[in-house]
Amino acid sequence: MSKVGAVFLREYLERVRRRSFWIGLLLVPLFMGAVIILPMWLAGVQEDSASTVLVVDETGRYKADFEAAIQDTLAGGAPRYVFLDRGLDAAGLDASRLAEPAYLATLLDGELLDWFIVIPADVATGGEVAFHGRVVSNFTLLEVLESRLTDLLRRERLARLELDPRLLEQIQVHARLRTYQHKGGEASEAGFESLYLSTMVMVMILYMTIIVFGSMIQRSILEDKNQHVTEVVLSSMDATRFFTGKILGIGAVGLTQYLAWLVMALAAALFGLLTAAQFQQLPSLQPATFAYFVAFYVLGFLLYAGLFAAAGAMSTTDQEAQQLQQPLIMLLIVPLVIIIYIFQNPDAPFSTVMSLIPFFAPLVMFMRVNISSPPAWQIVLAFALLIGTIAGAYFVSGRIFRVGILMTGKKASLAEAWRWVRRP
Amino acid sequence: MIELHGVSKRFDGKTAVDAIDYRFATGRVTGFLGPNGAGKSTTIRMVMNIIAPDAGRITAGGEPLSEAFRNRLGYLPEERGLYKKMRVLDHMVFFGSLKGLSRSEARRRSLAWLERLGLADRAQGEVDELSKGMQQKVQFASTLLHEPELVLLDEPFSGLDPINTEALRDIMMELRAAGHTVIFSTHMMEQAERLCDEIALIDEGRLVLAGELNAVRSSFGRRHLRVHFQGEESVLAGDPRVERCQFPAPGRAELDLRDGKDVPDVARDWSARLSISHFEVIVPSLHNIFIQTVRATGGGKEAAP
C-alpha cells in the first residue's frame, strides 16, 4: 500500500470509528429537521384566546364596519375579539371616559384592555390612525388592521366619487412576470427565487464544509504535532504527501457524512415524511449545474484544506490556531458579502474579476455559472488558476509544514514562515 | 553505509552542526555521544530527511539518500509520540505501512512483537491505556517492524526504568548479532561503554573524537599505570620514560608514560629492579574520556555526567 494511502486510511478509519462521528451523523439531520419544521409549525399556531379591544372612532362612520371586518372566531367558535364598549355592564368602568386616551392608557396598564385603536376625524384626508397596546410586535395583527382600514377608506373614496364600492373587488389585479433563462441555446423556466435558493444552498454547503473540515484538518495537524507523531511520519515520507493523505482522509470523512445524509433524506422521502408538494418546492437541479458544483466543491475544499493545514503547522496551541484561522475565514466571507451584487450583475467586470481570483472562484464562479452564462474561456481560466494555486499552496504548505512541525515552542511569524518556504 | 560530508546546519544564526565528516560503520553499534545541545539530534534528523542541511551532503555508498533507502532505516525520535486514541495494534500497523509493509504483513509482525513484549492482551486497547514504559516498548517495536538494516535511535534510554533498559539493550545486542547497523545517541556513558563498537563524540556541533571504542580507550589508557612494589621509588620517578609520577602511599605508584613508550618494555625493566606485586594499565572510562575531550576542546558547559 502506498504511504499516502496509509495516512489516508488511518485518518479516515480513526475518525469514522469514533462515537462522535456517529452522533454527529444522527444529530445534524435531527437538528436540521427541527430548524425547518419547527418554525413552519409555530407559524401555524396562533395565540388562541380572546382579546379585549376597543375601537375609538372620532369620525363616527367606520366603527361598526371596521369591527365587523376584523372580527374572527377562535377554534372553539367564540369570537376572537371582545369589544370593551359592547354589552358592557363593566365592573368599575367609566363608560363616559372611553374616548379619553389617558383613561384608556390606565386600562391598558391594568390589563383590562389588550389594545385600542384611534381613528382620527381627518382619517379620510390623510390623518394617522394610532394603535396603542402593550405589545406592538405582532405584525400579523397589525397587517390585518392596516389592510381592513385601507379597504374601508378606499370604499369611502369610491362612494364619494359616486362609484359602486364593488368596483374595489373588480379592479384588483396583479401583473406577474414569468422568467425564462436562456443558457447554451436552451430556455428553462427559472425565477430569481429558485435560482437564488439553489445557488445559496450549494454555496452554503460549500462554505460550511470548508469551515468545518478546514478547521478539523488544522486541529488534526496541531494534534499530530503536539503528540510528536509527525517526526516518525516525516522520516518515511515527504510532508506534502503526508498532508495530502491527511486532507483526503478528512475529506472522505465529509463525503461519507454527506452521502449518509443523502441516503437518510431519500429514505425519509420514501417513508413519506416529505410530501410530494414539498418535493416540488426543491429547486430543480440541472446535471451541468451539479457537475460544476462537484468540481468547484472539490477544488475549493482542497485549496482551503491546504491553507488550513499550513495554519495548523504554524501554530502550537488551539488559541494560536484560531488566530491564524481568522484571515482564512475572511477570505471565505468576501464572496458572501458580494453575493447580491453578483446576482444582479453576474457579468459585470467586478464579478468577472472576483470569479477568477482562486480564493473566491469556487463560490463566485459557481454562482456565475449557475445564474448566467460566462464565456467558456473564463470558466477554463478560473479552473486553471484554481488548480495552479492549489499546487502552489501545497508546495508552500509542505515547506511550512516540514519546519513548523518540529517547532513546538512558539507560534511562527509570517516572516519566519516565509523564510521556511524559501529555505526549509 | 551512511556518509556525512561537511554537513552543517544553523538555526537562527546559531550553528548547531558544524561541518561534520563522518562515516557510520556497517554492521556495528555506533554510539553518537555528546553533551546536551551538542547537535546529535539535529544530525540524526538530517540523516532522516526531517530537516535539510544548510551545507554538505549525506550519502549512502556515494549516492544521495533515496526514499527506498530510507525505507530500510528504522528511526526512533528523541521526542517519542504515539496517537493516544489509536488502538495499539492499528498504530503499529500504521507505522509499518509507512515503511512500505503490506497491512497484513505489518499486522502479523506487530502481533509477534506484542507477544514478545508481553503486551499481546493490549493489542486492541488504546495507546493511552498503556503505561509510559509500555508505550516506549510499543514505539521501539514499531521502529523495528520492517526489519531495518540500519537503526537510528535518538536517546533510546531516556526515561526507561532499569528493566526496560535491560530489555532494550538485549534487543540492540540481538540486532548487532544479526548483522544490523545500530546508531544511537546518548549522553549516558555507561550505556555507550557496554554497547558500542564505535563511538563518535561531538561537541558544539563539531566531531571531536571518533573511532573504535577499544582503540579510543587504549589511546587514552596506554599511558596510565598503577604499580604496587617494593624497592627504590627513584627507579620509577627517575625513569626518563615517565612523564609524571605520584606515590599515594609507600610502595604504591601512579604513573603516566610519555607518548610512544611501550608498556611491556617498562614492565620488563622495572621488574628486574623492583619486586612488583601489582602492575595495572588503567583503562579510562568513557566518562573520563568524554570529560577530558570536551574540556580539551573548551566546550561542554552543560556536560552531562
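Since this is a predicted model, take the numbers as computed values, not measurements. All residue numbers here refer to positions counted from 1 along the written sequence of the relevant chain. Lettering of chains starts at A and numbering of ligands starts at 1, both following the order in which they are written. Given that the model is predicted, a residue must reach a pLDDT of at least 70 before its local features are reported, and side-chain atom pairs must reach 80 or more before they are shown or counted; all residues, however, enter totals for whole chains, interfaces and linings. Only hydrogens and water are removed before side-chain values are computed, so all heavy atoms of the structure are retained for them.

## With respect to the overall build of chain B
Put simply, the rule reads: What counts as a helix is a DSSP run of H or I of at least four residues, what counts as a strand is a run of E of at least two, and both are numbered from the N terminus. Relative accessibility under 20% of the residue-type maximum defines a buried residue, over 50% an exposed one, and the middle range a partly exposed one, all with a 1.4 Å probe and only protein chains included. Contact definition: two residues touch when any of their heavy atoms are within 4.5 Å. Residue burial considers only the protein chains on display, and all accessible areas are found by Shrake-Rupley using a 1.4 Å probe.
Along the backbone of chain B there are eleven helices and 14 strands. With the principal axes as the frame, chain B shows a C-alpha extent of 75 × 45 × 35 Å. Split into buried and exposed, the 305 residues of chain B put 51% on the buried side. Partitioning the intrachain contacts of chain B with sequence separation of at least 6 by distance along the chain shows that 67% fall at a separation of at least 24. On chain B, roughly 13700 Å² of surface is accessible, and the fraction owed to carbon and sulfur atoms is 47%.

## Observations regarding the sheet that holds strand β12 (residues 242–249) of chain B
Residues and elements named next belong to chain B. Applied cut-off: In this analysis, strands are considered paired if DSSP registers two or more bridges between them. Note on method: axes are straight lines fitted to C-alpha atoms, helices fitted across the in-contact stretch only, with angles between N-to-C directions ranging 0 to 180 degrees.
Spatially, the four strands line up as an open sheet ordered β12-β13-β11-β14, and their pairing is antiparallel. Both edges of this open sheet fall to β12 and β14 (275–281), since each of them pairs with a single strand only. Averaged over all pairs of adjacent strands, the angle between strand axes in this sheet comes to 20°, irrespective of strand direction. Along the sheet face, helix α10 (residues 263–273) touches β11 (224–230), β12, β13 (252–257) and β14 and points at about 165° away from the line of β14.

## A word on the side chain of threonine 30 of chain B
Residues and elements named next belong to chain B. Along the chain, the position of threonine 30 falls in strand β3 (residues 29–33). Among the residues examined, threonine 30 registers a relative accessible area of 0% and is labelled buried. Residues in contact with threonine 30, not counting those within four places in the same chain, are Tyr22, Phe24, Ala25, Val182, Ile183, Phe184, Cys196 and Glu198.

## Some words on the interface of chain A and chain B
Using the following cut-off: By buried area we mean the combined loss of accessible area, with a 1.4 Å probe, across both parts when two parts are placed together. By definition, a salt bridge exists where a carboxyl oxygen of Asp or Glu is found within 4 Å of a side-chain nitrogen of Lys or Arg. Under this definition, polar contacts are N or O atom pairs within 3.5 Å; protein pairs additionally need one hydrogen-donor-capable and one acceptor-capable atom, and for neighbouring residues in sequence, both atoms have to be side-chain atoms. Amino acids outside the nonpolar list (Ala, Val, Leu, Ile, Met, Phe, Trp, Tyr, Cys, Pro) and the charged list (Asp, Glu, Lys, Arg) are all regarded as polar, and Gly is one of them.
Facing the 28 residues of chain A at the interface are 33 residues of chain B. Carbon and sulfur atoms supply 52% of the area buried between chain A and chain B, which totals about 2800 Å² over both sides. Viewed at the interface, chain B and chain A are joined by three salt bridges. Across the pair arginine 241 of chain A and glutamate 67 of chain B runs a salt bridge, and its minimum N-O distance is 2.3 Å. Here chain A and chain B share ten residue pairs in polar contact (both at pLDDT 80 or more) between them. Those elements that place two or more of their residues in the side of chain A that touches chain B are α1 (3–16), α8 (230–234) and α9 (239–270) of chain A. Ranked by residues supplied to the side of chain A that touches chain B, first place goes to α1 of chain A with seven residues. For the side of chain A that touches chain B, a count of residues per class yields twelve nonpolar, four polar and twelve charged.

## Quick word on the domain arrangement of chain B
Where interface size is given, it is often the accessible area lost as the parts come together that is meant. Our working definition: Each domain's extent was defined by an automatic or database domain assignment.
For chain B, the assigned domains read domain 1 (1–72 + 149–219), domain 2 (82–137) and domain 3 (222–281). A C-alpha centroid distance of 39 Å is found between domain 1 of chain B and domain 3 of chain B.

## As for the pattern of salt bridges
Residue and element names in this part refer to chain A. Inspection of every chain in the model, using the stated rule, returns 39 salt bridges over all chains. The residue arginine 155 makes a salt bridge to glutamate 169 at a minimum N-O spacing of 3.1 Å. One end of the pair, arginine 155, is in helix α5 (residues 139–160); the other, glutamate 169, is in helix α6 (residues 167–170), and 14 residues separate them in sequence. Taking the relative accessible area as the measure of exposure, glutamate 169 reaches 47% and is therefore partly exposed. Note that aspartate 347 is salt-bridged to arginine 368, the shortest N-O span being 3.0 Å.

## Quick notes on the confidence of the model for chain A
Heads up, the condition is: Each residue carries a pLDDT score, the predictor's confidence in it, ranging from 0 to 100.
Model confidence for chain A is summarised by a mean pLDDT of 82, while 88% of its residues fall at 70 or above. Confidence scores differ between elements of chain A, with helix α10 (residues 276–281) of chain A showing the lowest mean pLDDT of 52 and helix α14 (residues 349–356) of chain A the highest of 92.

## Regarding the sheet that holds strand β4 (residues 55–60) of chain B
All names here are of chain B. Strand order in the open sheet formed by four strands is β2-β1-β4-β5, and the pairing between neighbours is antiparallel. Among the strands making up the open sheet, the edge pair consists of β2 (14–23) and β5 (63–64). Strands in contact with helix α1 (residues 40–47) are β1 (2–11), β2 and β4; relative to β1, the strand with the most contacts, it is inclined by about 120°.

## Some remarks on a nonpolar patch on the surface
All names here are of chain A. Which entries qualify depends on this criterion: Patches here are clusters of residues that have more than 30% relative accessible area and form no salt bridge, with a 9 Å joining cutoff for like charges and a 5 Å cutoff for nonpolar side chains (Val, Leu, Ile, Met, Phe, Trp, Tyr).
A grouping of Val28, Phe31, Met32, Val35, Ile36, Ile37, Leu38, Met40, Trp41 and Leu42 is seen on the molecular surface, where their side chains present a nonpolar patch of about 1000 Å² in accessible area. With respect to the element layout, valine 28 can be found in helix α2 (residues 19–44). Its relative accessible area of 34% is what places valine 28 among the partly exposed residues.

## Side note on the packing of aromatic side chains
Residues and elements named next belong to chain A. Counted only if it meets this: Here a pair means two rings of Phe, Tyr or Trp (six-membered ring of Trp) with centres within 6.5 Å. Their orientation is stacked below 30 degrees between planes, edge-to-face above 60, and tilted elsewhere.
Inspection of every chain in the model, using the stated rule, returns 21 aromatic pairs over all chains. Here phenylalanine 296 and phenylalanine 383 contribute two aromatic rings whose centre-to-centre distance is 4.6 Å and whose plane-to-plane angle is 10°, an arrangement assigned as stacked. Within this pair, whereas phenylalanine 296 is found in helix α11 (residues 287–314), its partner phenylalanine 383 is found in helix α16 (residues 376–404), the two being separated by 87 residues in sequence. Judged by centre distance (5.4 Å) and plane angle (75°), the ring pair of tyrosine 341 and phenylalanine 350 falls under edge-to-face.

## Brief notes about the packing of helix α5 (residues 132–144) of chain B against helix α6 (residues 162–177) of chain B
Residue and element names in this part refer to chain B. Short version of the rule: Note on angle classes: values under 35 degrees are labelled roughly parallel, values over 145 roughly antiparallel, values of 65 to 115 roughly perpendicular, and the remainder oblique.
The interhelical angle for the contact between α5 and α6, taken along N-to-C directions, is 10°, at an axis separation of 11 Å. One finds that α5 runs roughly parallel with respect to α6. Here Gly133, Lys137, Phe140 and Leu144 of α5 lie close against α6, whose contacting residues are Asn164, Leu168, Ile171 and Leu175. Classifying every residue of the contact of α5 with α6 gives five nonpolar, two polar and one charged.

## Brief notes about unusual backbone geometry
Backbone phi values are negative for most residues with the exception of glycine, while trans is the configuration of most peptide bonds. Residues and elements named next belong to chain B. At glutamate 155, a position not held by glycine, the phi torsion is positive, near 50°. Notably, glutamate 204 is not glycine yet its phi reads approximately 50°, a positive angle. Within the fold, glutamate 204 resides in the loop between β9 (198–203) and β10 (206–212). For glutamate 204, a relative accessible area of 38% corresponds to the partly exposed category.

## Comments concerning α1 of chain A
Residues and elements named next belong to chain A. Inclusion rule: By this rule the span expected of a helix is its residue count minus one, scaled by 1.5 Å.
With 14 residues, α1 should cover 20 Å at 1.5 Å per step; its first-to-last C-alpha distance of 20 Å lies within 8% of that length. Buried residues of α1: Lys3, Gly5, Ala6, Val7, Arg10, Glu11, Tyr12, Glu14, Arg15 and Val16, and no others. Residue serine 2 occupies the N-cap position of α1, its side-chain oxygen lying 2.9 Å from the main-chain nitrogen of glycine 5.

## Overview of the environment of alanine 177 of chain B
Position of alanine 177 of chain B relative to the elements: it lies in helix α6. For the pair formed by alanine 177 of chain B and arginine 28 of chain B, sequence separation is 149 residues and the distance between their alpha carbons is 9.2 Å.

## Regarding the pairing of β13 of chain B
Residues and elements named next belong to chain B. Inspection of the sheet shows β11 paired to β13 by five bridges, in the antiparallel sense. Each residue of the ladder has a partner; that of histidine 228, found in β13, is arginine 252. Linking β12 back to β13 in an antiparallel pair, the connection comprises two residues, with glycine 251 at a positive phi of about 80°.

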